[in-house]
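# Summary of structural features
Listed below are the residues making up each chain.
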Amino acid sequence: DAAAGHAHAPRQEDARELKRLGEQHAEAGDWDLAYAAFQSALRTAADAPNVVDVAALHELKAQTLLAMGSDFEAARAAEDATRADELWPHGFHTLGRAQINMGELCM
């Protein structure tokens, strides 16, 4: 059905645009707006997981939460990133940062 395909395409583009918007807000230090954009991108990406890198969205959300001082929530988001892509090192790096902030990493 062409109409259904057309209706789905804007949602895919929305996920990309929300990711870009979140990155812009994060670069400006607008953490609340960045978090909201990444959350919206993740919700939109659930319908189009091949359009945006879901692991990257979770990791960006985790970085934003770290900047906001929400270390526990950041660790959970970073864990989501590592589950989304078990071979992507950035998710594990951000998870480690969150765990260090919480004092959970023992050497």
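Residues numbered from 1 in each chain as written. Predicted model: local features only at pLDDT ≥ 70, side-chain atom pairs only at ≥ 80, totals over all residues. Heavy atoms only, no water.

## Notes on the pattern of salt bridges
The final tally for this structure, using the stated rule, is three salt bridges. Here Glu17 ties to Arg20 by a salt bridge, and the two come within 2.9 Å at their closest N and O atoms. Of this pair, Glu17 and Arg20 both sit in helix H1 (residues 2–27), three residues apart, which is roughly one turn of that helix. Relative accessible area serves as the criterion here: at 39%, Glu17 is assigned to the partly exposed category. Of the charged contacts, one joins Lys19 and Glu23 as a salt bridge, the two residues approaching to 2.9 Å between their closest N and O atoms. Linking Lys19 with Glu23, this pair stays in helix H1, spanning four residues, or about one helical turn. The exposure class of Glu23 is partly exposed, given its relative accessible area of 26%. (Salt bridge = Lys/Arg side-chain N within 4 Å of Asp/Glu carboxyl O. Helix = DSSP H or I, 4+ residues; strand = E, 2+ residues; numbered from the N terminus. Buried < 20%, exposed > 50% of the residue type's maximum accessible area, 1.4 Å probe, protein only.)

Just distances and angles here, no functional claims.
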